[in-house]
Amino acid sequence: MKTKLLLEHLNNCKEQLLQFAKHAGILEHKGNLGTVREGFIKNFLEDNLPENIKYHSGEIFDSNGNQSGQIDIVLHPISSPKLFIHKAINLFPIETVLAAIEVKSNLNDISSIVESCKKVRDLQSDLPYIAFGYQGNSQKTLIENMQKKLANGQGFHVGHLPNIIVVLRQNYCLVRGNNWHHANATVEEVYSEVLTDEKVLLGLFSYLLKLIEEWSAKPEKHSMPIKKYLEDKITLDDWI
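Structural notes, computed from the coordinates. Here the structure is a predicted model, which is why all the values come from computation and not from measurement.

### A look at the nonpolar core
(1) Moving on: One finds Phe132 and Leu208 to be the most contacted residues of the largest nonpolar core, which totals 39 residues.
(2) Moving on: Counting 35 residues, the second largest nonpolar core, distinct from the first, contains Ile113, Phe156, Val167 and Val190.

Put into structure tokens, the structure is as follows:
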């Protein structure tokens, strides 16, 4: 009897993703390469997680007109509205988003990840943010670089660090614990759980599954408060 069927499957998915990414490496245009590698992650999520969630690209915005900038993958319930712009590009009201995922071919430059996460967190402080890299620095170097980023100041703090960081080829997944609420926490304290080997994709899979199950139990939690997005909130009562 296979007692580790889930882990075996996720490990097979990891190997497939690495092979797909390697094959995509024959593309010369970086934009095409990025789009294809994002597509591989979207397919993995769509194939293995509940179908009541879609995985789009675009920007997140709030009722004050603030925007997140481009997000590679936005987890969005099929019952929630989005603003269609063109082809695969959409705008998503912050209240309707379950999580944001940034996909990198190489996760060596943690600065761009932290800065992107900060933009999202400035819209909503507790919105889950995930960084996924096909390859990157070692776990030790990545943590050191994040610590340097925080030490440099510039408005960054531990609350701007991703919930999950996956570096596939280097074979580790960092999962943020509860210590990030402590302003002086070190990066090592923030990422209290480290998954390796066959469990690399388990942190991502189980974390997103929990978010989706929580939304399914209370879908109203991610409804769009339309009145907040209108300047003339009084006349709306005549229509709704």
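### Some points on helix α6 (residues 202-217)
(1) Moving on: The end-to-end C-alpha distance of α6 is 22 Å, a good match for the 22 Å that 16 residues give at a rise of 1.5 Å each.
(2) Moving on: Looking at α6, one finds that the buried residues are Leu202, Gly203, Leu204, Phe205, Leu208, Leu211, Ile212 and Trp215.

### With respect to the pattern of salt bridges
(1) Moving on: Enumeration over the complete set of coordinates arrives at six salt bridges.
(2) Moving on: In this structure, the salt-bridge partner of Glu115 is Lys149, at a minimum N-O distance of 2.8 Å. One end of the pair, Glu115, is in helix α3 (residues 110-123); the other, Lys149, is in helix α4 (residues 139-151), and 34 residues separate them in sequence.
(3) Moving on: Under the relative-accessibility criterion, Glu115 is labelled partly exposed at 37%.
(4) Moving on: A relative accessible area of 8% means that Lys149 is categorised as buried.

### Remarks on the layout of surface pockets
One way to see where empty space is left: roll a probe the size of a water molecule over the atoms.
(1) Moving on: Its boundaries defined by the atoms lining it, the largest pocket holds a volume of some 490 Å³.
(2) Moving on: Lining of the largest pocket is provided by 20 residues; of these, Asp126, Pro128, Tyr207, Leu211 and Glu214 occupy positions nearest its centre.
(3) Moving on: Element by element, the count of residues in the lining of the largest pocket is highest for α6, at five residues.
(4) Moving on: When the residues that make up the lining of the largest pocket are grouped by side-chain class, the tally is nine nonpolar, six polar and five charged.
(5) Moving on: Of the pockets and cavities examined, the second largest pocket occupies roughly 150 Å³.
(6) Moving on: Taken together, His9, Cys13, Gln16, Leu17, Phe20, Phe40, Asn43, Phe44, Asp47 and Asn48 make up the lining of the second largest pocket.
(7) Moving on: Going through the elements one at a time, α1 (5-24) and α2 (30-48) are the ones with two or more residues in the lining of the second largest pocket.
(8) Moving on: When grouped by side-chain class, the residues that make up the lining of the second largest pocket number five nonpolar, four polar and one charged.

Quick notes on the rules
Residues numbered from 1 in each chain as written. Predicted model: local features only at pLDDT ≥ 70, side-chain atom pairs only at ≥ 80, totals over all residues. Heavy atoms only, no water. Core = buried A, V, L, I, M, F, W, Y, C linked by side-chain atoms within 4.5 Å. Buried < 20%, exposed > 50% of the residue type's maximum accessible area, 1.4 Å probe, protein only. Helix = DSSP H or I, 4+ residues; strand = E, 2+ residues; numbered from the N terminus. Expected span 1.5 Å × (residues − 1). Salt bridge = Lys/Arg side-chain N within 4 Å of Asp/Glu carboxyl O. 1 Å grid on protein atoms, 1.4 Å probe; cavity = no way out; pocket = protein on both sides within 12 Å on 5 of 7 lines; lining within 4 Å. Points joined across faces, edges and corners; volume = space filled by probe spheres on them. Nonpolar A, V, L, I, M, F, W, Y, C, P; charged D, E, K, R; others polar.

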